[in-house]
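# Examining the three-dimensional arrangement
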Amino acid sequence: MDILKHKLLSEVYNVIDNATVGTHNFKKVRRNFLKRLVKDILDLKLDLKSFSFFNNDHLHKLVAYWHAQNNSVSTIRNKRSIIVWFLKELGSDISLDTAKELGLKKLKLPKD
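Residues numbered from 1 in each chain as written. Predicted model: local features only at pLDDT ≥ 70, side-chain atom pairs only at ≥ 80, totals over all residues. Heavy atoms only, no water.

### Things to note about the packing of helix H2 (residues 24–44) against helix H3 (residues 56–68)
Between two packed helices, what matters for the description is the angle formed by their axes and the separation of those axes. Remark: H2 packs on H3, axes separated minimally by 11 Å, with the N-to-C direction vectors making an angle of 95°. Comparing their axes, H3 and H2 come out roughly perpendicular. In contact with Phe 33, Leu 37, Asp 40, Ile 41, Asp 43 and Leu 44 of H2, H3 contributes Lys 61, Leu 62, Tyr 65 and Trp 66. Residue composition of the contact of H2 with H3, by class: seven nonpolar, no polar and three charged. (Axes fitted to C-alpha atoms, helices over the stretch in contact; angles between N-to-C directions. Helix = DSSP H or I, 4+ residues; strand = E, 2+ residues; numbered from the N terminus. Parallel < 35°, antiparallel > 145°, perpendicular 65-115°, else oblique. Contact = heavy atoms within 4.5 Å. Nonpolar A, V, L, I, M, F, W, Y, C, P; charged D, E, K, R; others polar.)

### A few points about unusual backbone geometry
Although it is not a glycine, Lys 45 sits at a positive phi angle of roughly 55°. The topology assignment puts Lys 45 in the loop between H2 and H3. Look at Lys 45 and you get exposed, because its relative accessible area is 66%. A positive phi angle, near 65°, is found at Asn 70, a position not held by glycine. The class of Asn 70 is exposed, set by a relative accessible area of 69%. (Buried < 20%, exposed > 50% of the residue type's maximum accessible area, 1.4 Å probe, protein only.)

### Some points on the pattern of salt bridges
Within this structure, the stated rule accounts for five salt bridges. Note that Asp 47 and Lys 49 form a salt bridge whose closest N and O atoms lie 3.8 Å from each other. For the pair Asp 47 and Lys 49, a shared accessibility class is recorded, and that class is exposed. (Salt bridge = Lys/Arg side-chain N within 4 Å of Asp/Glu carboxyl O.)

### Thoughts on the packing of aromatic side chains
If you walk through the whole model with that rule in mind, you get two aromatic pairs. Here Phe 51 and Phe 86 contribute two aromatic rings whose centre-to-centre distance is 5.0 Å and whose plane-to-plane angle is 85°, an arrangement assigned as edge-to-face. Placement of Phe 51 in the loop between H2 and H3 and of Phe 86 in helix H4 (residues 73–90) is noted, with a sequence separation of 35 residues between them. Comparing Phe 51 with Phe 86 shows no difference in burial state: the two are buried. (Phe/Tyr/Trp six-rings, centres within 6.5 Å; stacked < 30°, edge-to-face > 60°.)

### Side note on the environment of Val 38
Positionally, Val 38 belongs in helix H2. Considering only alpha carbons, one finds Val 38 and Val 12, 26 residues apart in sequence, at a separation of 8.8 Å. Ignoring sequence-local partners within four residues, the contact set of Val 38 consists of Lys 5, Leu 8, Leu 9, Val 12 and Phe 51.

In structure tokens form, the structure reads like this:
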């Protein structure tokens, strides 16, 4: 597992270190989330040797895992958007399910 963890984290650091988009604080948010994503992938024992092979099945399992951890819909939507950004930066052309397709609907709050 240590080799897989190192490989996934090196992909994360390679993208993060070369990213020029976003404020310093948001770069930290992305970095922390992506490190946590690697941990979640290892905890779930997903069959993922590289983020280049990330697909919708992995995303669905992660969303179910985050729901089980009582993450809010907005938090999961934010996590999904960081994954999409990360995969684009890696050069992946995978089309992940949208938040709506994942059943992550925004809450409609009444306006005052």
